[in-house]
Amino acid sequence: REQVRRQKLRAELGLGLSLAITDSGTDEALGGIGLWLRAVAPDGATGYREEAHGRASLHYWVSPEFRGRGYATAALNALSAWALRLSDVHRLELFIEPTNEPSWRTAERARYHREGLLRSWQQLGDSRRDMFVYSRLPDD
């Protein structure tokens, strides 16, 4: 319940959207996708608004039993196309661990371009992780 409350609050405050990925025929939940429009400083203080710089970031996941069927690519394409129609969004970004080949293949199928490796980019659990950075622009 707390997770749902936080996601609703993000949308209400204009910080981003958390959406379910579902099967269009059955409405069965298969995973999730999110669009983040605001950065938050590590100490929890509100950071700058990314749309002021024209950037937004996305993330996605699909439950293991539904992977490899194109759901993530379809969801990423749909949310990306919608986000790029927002007047203040000019660039979309993804951050993907180099070892997560299925995820970066999904990004590439959704017309994202790998720009490089960000070393020690993000804290996950007990360690800092490298991330590939991908982008998609309106003309892509």
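Okay, so let's go over this structure.

Rules and cut-offs
- Residues numbered from 1 in each chain as written.
- Predicted model: local features only at pLDDT ≥ 70, side-chain atom pairs only at ≥ 80, totals over all residues.
- Heavy atoms only, no water.
- Helix = DSSP H or I, 4+ residues; strand = E, 2+ residues; numbered from the N terminus.
- Buried < 20%, exposed > 50% of the residue type's maximum accessible area, 1.4 Å probe, protein only.
- Contact = heavy atoms within 4.5 Å.
- Areas by Shrake-Rupley, 256 points an atom, 1.4 Å probe, with all protein chains shown as cover.
- Phe/Tyr/Trp six-rings, centres within 6.5 Å; stacked < 30°, edge-to-face > 60°.
- Lys NZ or Arg CZ within 6 Å of the ring centre and 35° of its normal.
- Pairing = 2+ DSSP bridges.
- Axes fitted to C-alpha atoms, helices over the stretch in contact; angles between N-to-C directions.
- 1 Å grid on protein atoms, 1.4 Å probe; cavity = no way out; pocket = protein on both sides within 12 Å on 5 of 7 lines; lining within 4 Å.
- Points joined across faces, edges and corners; volume = space filled by probe spheres on them.
- Nonpolar A, V, L, I, M, F, W, Y, C, P; charged D, E, K, R; others polar.
- Core = buried A, V, L, I, M, F, W, Y, C linked by side-chain atoms within 4.5 Å.

## Some words on the overall build of the protein
Piece 1. Scanning the protein from terminus to terminus reveals three helices and eight strands.
Piece 2. Moving toward the C terminus, one meets the helices and strands of the protein in the order α-β-β-β-β-β-α-β-α-β-β.
Piece 3. Taken across its 140 residues, the protein has 35% of its residues classed as buried.
Piece 4. For the protein, restricting intrachain contacts to residue pairs at least 6 apart in sequence, the fraction spanning at least 24 positions comes to 50%.
Piece 5. Carbon and sulfur atoms make up 51% of the accessible area of the protein, which totals about 8,700 Å².

## Considering the packing of aromatic side chains
Piece 1. Within the structure shown, the criterion is met by three aromatic pairs.
Piece 2. A ring pair is formed by F95 and W121, whose centres lie 5.3 Å apart and whose planes are at 20 degrees; its orientation type is stacked. On the criterion of sequence distance, the pair formed by F95 in strand β6 (residues 91-96) and W121 in strand β7 (residues 113-124) is long-range, its members being 26 residues apart.
Piece 3. Accessibility expressed as a relative area gives 42% for W121, which makes it partly exposed.
Piece 4. Ring geometry for F132 and Y134: centres 6.5 Å apart, planes at 85 degrees, overall edge-to-face. In this structure, F132 and Y134 share a single accessibility class: buried.
Piece 5. Counting every residue linked through ring pairs, the aromatic cluster contains W104, F132 and Y134.
Piece 6. Directly above the aromatic system of W104 lies the positively charged group of R114, at a separation of 4.6 Å from the ring centroid.

## A few points about the sheet that holds strand β8 (residues 127-136)
Piece 1. Pairing is mixed across the open sheet formed by six strands, whose spatial order is β1-β2-β5-β6-β8-β7. Each edge of the open sheet is held by one strand with a lone partner, namely β1 (16-22) and β7. Each strand axis lies, on average, 30 degrees off the axis of its neighbour in the sheet, ignoring direction.
Piece 2. Inspection of the sheet shows β6 paired to β8 by five bridges, in the antiparallel sense. Its bridge partner being in β8, I96 is matched across the sheet by F132.

## Quick notes on the layout of surface pockets
Piece 1. Estimates place the volume of the second largest pocket at around 200 Å³.
Piece 2. In terms of lining, the second largest pocket is formed by 13 residues, of which the most central are Q3, S18, L19, G32 and W61.
Piece 3. Where the lining of the second largest pocket is concerned, the elements lending two or more residues are α1 (2-13), β1, β2 (29-36) and β5 (55-62).
Piece 4. The element best represented in the lining of the second largest pocket is β2, accounting for five residues.
Piece 5. Residue classes in the lining of the second largest pocket are distributed as five nonpolar, seven polar and one charged.

## Concerning the nonpolar core
Piece 1. Grouped together as the largest cluster of nonpolar side chains are 26 residues, with contacts concentrated most on L92, L94 and Y112.
Piece 2. For this core, the secondary-structure elements that each account for two or more residues are β2, β5, α2 (71-83), β6, α3 (101-109) and β8.
Piece 3. The dominant element in this core, judged by the number of residues it contributes, is α2, at five residues.

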